[in-house]
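Chain and residue survey
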Amino acid sequence: MNGADAQSPVIVVGAGLAGLTCALDLVRAGLPVRVLEAADEVGGRVRTDRRDGFLLDRGFQVFNTSYPQVKRRIELARLRLRPFTPGVLIHTAEGGRLRFTDPTRRPSDALALLTGKQDRGPGQGPGPLALAALGPLCALDLLAPPRLLKRLPELTTREELARWRVPDRVVDGFLRPFLAGVFLEDDLDTSSRMFHLTWRSMLRGTLTLPADGMGAVPRQLAEDLPPGCVERASPVAALSAAGVTFADGSAADARAVVVATDAAAARSLVPGLPAVATRTVTTYHHAATRSPLREPTLLLDARRRILNTCVLTEVAPTYSADGRALISTSVLGTDAPGREAALREVLAELYATGTRDWERVGSTTVAGALPAMVPPWPLSRTGRTASGVYVCGDHRATGSVQGAMASGTRTARELLADLRRP
Ligand SMILES: Cc1cc2nc3c(=O)[nH]c(=O)nc-3n(C[C@H](O)[C@H](O)[C@H](O)COP(=O)(O)OP(=O)(O)OC[C@H]3O[C@@H](n4cnc5c(N)ncnc54)[C@H](O)[C@@H]3O)c2cc1C
């Protein structure tokens, strides 16, 4: 701790999920807190823009109700959540469509899948024997406590699925296209521990969208902070354990400083932090006069030309003000000339409809969308650093809503313990 006056505030740099969660715990402990946010709004990577009457999340994201931090801190009723169906549709390499469903939630669909029945088109499903290989893995992830899953041997997800003898046609026909959209990589390089925890959250939770967009989640956290606590448009240029310097050259003292930015900004503010490789994703939003898929379900491509696509307005009609359908499609990497035109061709095949008259509403590329969680990936790191400054964020835990909030929670707990120390 620095020698600053005990009445000086704790400064939290960054009002993403990690910073807001950390600030909430510090405020609840009775400390004065200033949250300094560079952008004009809270949320960081979880923000929603309004454009042409549409709600546009900055990248396709889903809100999982089973995350422990969500259960503990978020008032779900305030978000007016709209659920996805419990399962996904896969456009097969042969051009058909398969439905993968959690059999505990939609037994009728599970029967269709296990008997190899297609939603439509040619080809056939992996079959009951192949799918049965997923049973023991699902049972473990559903029933074992997270502390046990965190201690399983750490491999890549690819190696772990091979260890569980999941057949290639289940891996390539279902898991790889699905997980590519979750981890933003399609080589299954992500830590197997992260896979087990994510799979558990999928099996136990419901995937949803808030009626007002994903940005409603951080907004709710910010609303629970005292008025004036979050200072928007306040970029921090430099810092020490005793305070910060703003981009305009002015300064502010602090009793302690928490850096709750993304990994790259944290490294520029706190020399000595390790470099973190990250994933990049681009999401395109299109508007169509008629919905190309009349159900709130994620559609994947076994050929992995896209990460995933879905008709957002089938999930949450509030995403469109004029009743037109809003379609979100994500791809790995950045936008490039011609990429959106090629994408329309793929979407025409996937949705079996013309896409030429779809209006491009917008596109967002998020560089540094997620940390690349390749082994060895510690699932939780201390917020304490050698310089006396604290650091939290998804790059100190896992790249997820849960990870960011858990990291903010841990850092607040450590900071409070240090302040109480004589
Ligand atoms: C496209 C996409 C899809 C995703 N999908 C999911 C999903 O479906 N489910 C899931 O659980 N997770 C998902 N995630 C991951 C999840 O959104 C992130 O892990 C989480 O939001 C990270 O929060 P954070 O607080 O750690 O960092 P951030 O959200 O990056 O917040 C950091 C904040 O610090 C601010 N800042 C930076 N530098 C400064 C400075 N110098 N001064 C002041 N402020 C500064 C930034 O403006 C920002 O507000 C997704 C992420 C993306 C991008």
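The following paragraphs examine the structure supplied in this document. Note that the structure is predicted; figures quoted are calculated from it, not measured.

Turning to the packing of aromatic side chains, a few remarks are in order. Going through the model one piece at a time under the given rule, you end up with 7 aromatic pairs. Both rings, one in Phe 100 and one in Phe 174, keep their centres 4.1 Å apart while their planes meet at 10 degrees; by these two values the pair is stacked. Separated by 74 residues along the polypeptide, Phe 100 in strand β8 (residues 97–101) and Phe 174 in helix α9 (residues 168–183) bring together distant segments of the chain. One exposure class covers both Phe 100 and Phe 174, and it is buried. Grouping aromatic residues by their ring pairs yields a cluster made of Phe 100, Phe 174, Phe 178, Phe 195 and Trp 199. Taking the ring centre of Trp 377 as reference, the NZ or CZ of Arg 381 above it sits at 4.6 Å.

Here we come to the sheet that holds strand β10 (residues 230–231). Taking strand neighbours across the sheet as the criterion, the 5 strands line up as β10-β2-β1-β14-β20 in an open arrangement whose pairing is parallel. A single partner strand is all that each edge strand has here, and the edge strands are β10 and β20 (390–391). The sheet contact formed by strand β1 (residues 10–13) and strand β14 (residues 256–259) spans 4 bridges and is parallel. Within β14, the position partnered with Val 12 by the bridge is Val 258.

What follows is about unusual backbone geometry. Along the chain, Pro 375 connects to Pro 376 via a cis peptide bond; the corresponding omega equals -5 degrees. By the element assignment, Pro 376 lies in the loop between β19 (359–371) and β20. A positive phi angle, close to 60 degrees, is found at Leu 188, a residue other than glycine. Along the chain, Leu 188 falls in the loop between α9 and α10 (192–204). One non-glycine residue with positive phi stands out, namely Ala 352, at about 50 degrees. Relative to the helices and strands, Ala 352 is located in the loop between α14 (339–351) and β19.

Conventions and cut-offs
Residues numbered from 1 in each chain as written. Predicted model: local features only at pLDDT ≥ 70, side-chain atom pairs only at ≥ 80, totals over all residues. Heavy atoms only, no water. Phe/Tyr/Trp six-rings, centres within 6.5 Å; stacked < 30°, edge-to-face > 60°. Helix = DSSP H or I, 4+ residues; strand = E, 2+ residues; numbered from the N terminus. Buried < 20%, exposed > 50% of the residue type's maximum accessible area, 1.4 Å probe, protein only. Lys NZ or Arg CZ within 6 Å of the ring centre and 35° of its normal. Pairing = 2+ DSSP bridges.

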